[in-house]
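Report on the structure
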Amino acid sequence: YFLKEPYEPKEYYEIKDENYHHIVRVMRMSVGERNFLVFNDGIAILAEIITISEESVELKEISKESMEKEMPVQVTVACGFPKGDKLEWIVQKGTELGAHQFIGFPAKTSVVKWDHKKRENKAKRLQKIATEAAEQSHRQIVPQVHLFDKEQALIDGFPKYSQVIVAYEESAKQGEKGNFAKVLTALGTGDNVLVIVGPEGGFSEAEITDFQNAGAILCGLGPRILRAETAPLYVLSAISYQLEL
Ligand code: SAM
């Protein structure tokens, strides 16, 4: 469970509200059972339930989690809005695979057109999915989800990253298939990478030119066409493998 405060050694930790509801009503846990508590500074402890009351649960620390769960490279996955609930799937699986952040943006071939209200509701739903997936895979942070209203907002953010890569299937044909391998070998601790993946219809040449002009590197991900939801998971898996996690 993710807690909103930083770690501070205490005799016991009190949990209320949403996390209380989940422990008591959803998981139906009892005294003696154990949970991971993750504080907002990334410190995680294994804690045992000592009392359950009407509104709160008290847990005592059993041990500190010493294993680092976060990747040494922060990977932000940006997806051109795909159809249906594919973004939900990408956020859930991408969180399990260690993504640091997710961005959704309207690409030229994105079919869905969301107004402000729809985007806000969708972002809330995706953030909940990211939180649950982060709890389930014992992450030390909850990846944040941002849905942009313009593709330009994504491009304007490029300077925040140490590398920006665009998954582009045409690159595999144009002799640029080695780019991804080069990016992988050049990765080092502390880097933060933006990985951009297109929707079902892919990227137009104009979009690709805009990305390149803003400093992005085009990368092929092998000779087969991957679905919009498979490509980010391929990239995250390859980065974890490269960093020997
Ligand atoms: N435009 C393509 C078409 O209709 O044939 C397919 C787009 S693909 C389903 C969705 C996205 O996944 C692409 O925009 C790209 O970002 C990524 N992708 C899929 N296969 C890829 C590959 N082999 N190399 C690099 N990127 C790939």
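My aim in this report is to walk through the structure given alongside it, one point at a time.

Scoring rules and cut-offs
- Residues numbered from 1 in each chain as written.
- Predicted model: local features only at pLDDT ≥ 70, side-chain atom pairs only at ≥ 80, totals over all residues.
- Heavy atoms only, no water.
- Pairing = 2+ DSSP bridges.
- Helix = DSSP H or I, 4+ residues; strand = E, 2+ residues; numbered from the N terminus.
- Near = heavy atom within 4 Å.
- Polar contact = N/O pair within 3.5 Å; in protein donor to acceptor, adjacent residues only side chain to side chain.
- Areas by Shrake-Rupley, 256 points an atom, 1.4 Å probe, with all protein chains shown as cover.
- Nonpolar A, V, L, I, M, F, W, Y, C, P; charged D, E, K, R; others polar.
- Axes fitted to C-alpha atoms, helices over the stretch in contact; angles between N-to-C directions.
- Contact = heavy atoms within 4.5 Å.

On to the pairing of strand β2 (residues 34-38), then. Pairing of β2 with strand β3 (residues 44-52), which is carried by five bridges, proceeds in the antiparallel orientation. When the bridges of β3 are listed, L37 appears paired with I45. Counted along the chain from β2 to the antiparallel partner β3, the turn is five residues long, and its residue G42 has a positive phi close to 90 degrees.

Attention shifts here to the site of the ligand. The ligand sits among 18 residues. The nearest are A167, L221, G222, R224 and L226. Here an oxygen atom of the ligand sits 3.0 Å away from a polar atom, N or O, in the main chain of G198. Against a free-state accessible area of 580 Å², the protein chains account for coverage of 82% of the ligand. Looking at side-chain class alone, the shell around the ligand contains ten nonpolar, five polar and three charged residues.

Attention now goes to the sheet that holds strand β7 (residues 144-147). Paired through their backbone hydrogen bonds, the strands of a sheet run either parallel or antiparallel. Spatially, the six strands line up as an open sheet ordered β7-β6-β5-β9-β8-β10, and their pairing is parallel. At either margin of the open sheet sits one strand with a lone partner, and together these are β7 and β10 (217-219). Between one strand and the next, the sheet's axes are offset by a mean angle of 20 degrees, whatever the strand orientation. Examined bridge by bridge, strand β5 (residues 74-80) and strand β6 (residues 101-105) share five bridges and lie parallel to one another. When the bridges of β6 are listed, C79 appears paired with G104. Sheet strands touched by helix α6 (residues 179-186): β8 (163-167) and β10. Its angle to β10, the strand with the most contacts, is close to 115 degrees.

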